[in-house]
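Understanding the architecture of this molecule
Listed below are the residues making up each chain.
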Amino acid sequence: MWLAILALLDERPMHPYEMSVLMKQRRITASVKLNAGSLYASVNALVTEGLIAVKATEQDGKMPERTIYQITPEGSEYCSVLLSEILKDLEKEFPRFGAGLSFIAHLAPVEAASLLKARIEQLKRRVEEERAVISSARAAGVSDLFVLETDFSAHMAEAELAWVTSIHARIEGGELSVLPEGQGHWAALASASKPKGTVNAR
């Protein structure tokens, strides 16, 4: 959230409501969780840190008074350093899907296949939606520079779609249905399918 606020204020001074509107318009909310509470809390924290400052207050008729903020020299430098680190440094992430894959053997193969099939359909929709956003932006004359995050997300979804589709096919084809002893439902299935008298290879 801090990076989004600082980057927007690096363009021009604005009030928090305008920030939230721009975040939604530019689909920054696809990578930054936005809600009014976290936005205003982050703005207050940035003021406390001296990274942004109040420029002015304005009031339009009977509308509530709005505070306009601007970035400080320290905030501009911090924004640059933070952005550089994010783009340059490879950081270990812990996605929920990866955690789920770690324990997929605890599900029956038919259930695992069904769940992955549902994920495949969701991934297809995500790719379609994000490609549509990019096409609309281009048609409106928006530079690809401003939809890089969406383009990255679409490419990641396409890569995941291809991989999950292959794993789903391997499960349904029985290629991943036999695992070593003690690994959940799939081991039980493998055990139950052995002819009587079969001896495990050691």
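One structure accompanies this document, and this report is about it.

Cut-off values and rules
Residues numbered from 1 in each chain as written. Predicted model: local features only at pLDDT ≥ 70, side-chain atom pairs only at ≥ 80, totals over all residues. Heavy atoms only, no water. Helix = DSSP H or I, 4+ residues; strand = E, 2+ residues; numbered from the N terminus. Buried < 20%, exposed > 50% of the residue type's maximum accessible area, 1.4 Å probe, protein only. Contact = heavy atoms within 4.5 Å. Areas by Shrake-Rupley, 256 points an atom, 1.4 Å probe, with all protein chains shown as cover. Phe/Tyr/Trp six-rings, centres within 6.5 Å; stacked < 30°, edge-to-face > 60°. Lys NZ or Arg CZ within 6 Å of the ring centre and 35° of its normal. Salt bridge = Lys/Arg side-chain N within 4 Å of Asp/Glu carboxyl O. Axes fitted to C-alpha atoms, helices over the stretch in contact; angles between N-to-C directions. Parallel < 35°, antiparallel > 145°, perpendicular 65-115°, else oblique. Nonpolar A, V, L, I, M, F, W, Y, C, P; charged D, E, K, R; others polar. Expected span 1.5 Å × (residues − 1). Arc of directions from axis to C-beta. Patch = residues over 30% accessible without salt bridge, like charges linked within 9 Å, V, L, I, M, F, W, Y side chains within 5 Å.

Before going further, it helps to examine the overall build of the chain. Check the secondary structure of the chain and you find eight helices and two strands. Along the chain, from the amino end to the carboxyl end, the secondary structure elements read α-α-α-β-β-α-α-α-α-α. Residues classed as buried in the chain amount to 27% of the 202 residues present. Across the chain, the fraction of contacts at a sequence separation of at least 24, relative to all contacts at a separation of at least 6, is 57%. If you sum the accessible surface of the chain, you get close to 13,700 Å²; carbon and sulfur atoms cover 57% of it.

Moving on, we get to the packing of aromatic side chains. Applying the stated criterion across every chain, the model contains one aromatic pair. Consider the rings of Trp2 and Tyr78, whose centres lie 6.3 Å apart with planes at 65°: the pair is edge-to-face. One end of the pair, Trp2, is in helix α1 (residues 2–11); the other, Tyr78, is in helix α4 (residues 73–88), with 76 residues separating them in the sequence. On the accessibility criterion, Trp2 (29% relative accessible area) is partly exposed. A cation over an aromatic ring shows up here: Arg119 above the ring of Phe97, its NZ or CZ 3.6 Å from the ring centre.

The next subject is the pattern of salt bridges. Under the defined criterion, the tally for this structure stands at nine salt bridges. The closest approach of N and O atoms between Arg12 and Glu18, which form a salt bridge, is 2.5 Å. When its relative accessible area of 35% is taken as the criterion, Arg12 is described as partly exposed. Residue Glu160 pairs with Arg119 through a salt bridge whose shortest N-O separation is 2.6 Å.

Along the chain, Val43 turns up in helix α3 (residues 36–48). It is 9.7 Å that separates the C-alpha atoms of Val43 and His15, two residues lying 28 residues apart in sequence.

Counting through the fold element by element, Thr150 comes out in helix α7 (residues 148–172). When neighbours within four sequence positions are excluded, Thr150 is seen to be in contact with Arg27, Glu130, Val133 and Ile134.

Geometrically, a packed helix pair is captured by the angle between its two axes and the distance between the axes. In contact at an axis separation of 10 Å, α1 and α3 are set at 70° when each is read in the N-to-C sense. Judged by the inter-axis angle, α1 sits roughly perpendicular to α3. Counting all contacts with α1, which are made through Trp2, Ile5 and Leu6, the residues of α3 involved are Leu39, Ser42, Val43, Ala45 and Leu46. Its residues placed into classes, the contact of α1 with α3 shows seven nonpolar, one polar and no charged.

Moving on to α3. Helix length check: α3, at 13 residues, gives a terminal C-alpha distance of 18 Å against a target of 18 Å (1.5 Å per residue), a fit within 8%. Taken as a whole, α3 has its buried residues at Leu39, Ser42, Val43 and Leu46. Projected down its long axis, α3 shows its buried positions confined to an angular sector of 100°, all on one face. For α3, the secondary structure elements touched by its buried residues are α1, α2 (16–25), β1 (52–58) and β2 (66–71). Once α3 ends, the next one or two residues include Gly50, with phi positive near 80°.

A few words now on the packing of α1 against α2. With their axes 11 Å apart at the nearest point, α1 and α2 run at an angle of 100° to one another. Relative to α2, the element α1 lies roughly perpendicular. Side by side, α1 and α2 meet where Ala4, Ile5, Leu8 and Leu9 of the first sit next to Met19, Leu22 and Met23 of the second. Partitioned by chemical class, the residues of the contact of α1 with α2 number seven nonpolar, no polar and no charged.

A contiguous nonpolar patch, built from Val142, Leu145, Phe146 and Leu148 and spanning about 410 Å² of accessible area, is present on the exposed surface. Within the element layout of this structure, Leu145 appears in the loop between α6 (109–139) and α7. The exposure class assigned to Leu145 is exposed, which follows from its relative accessible area of 59%.

So yeah, pure geometry; function would need other evidence.
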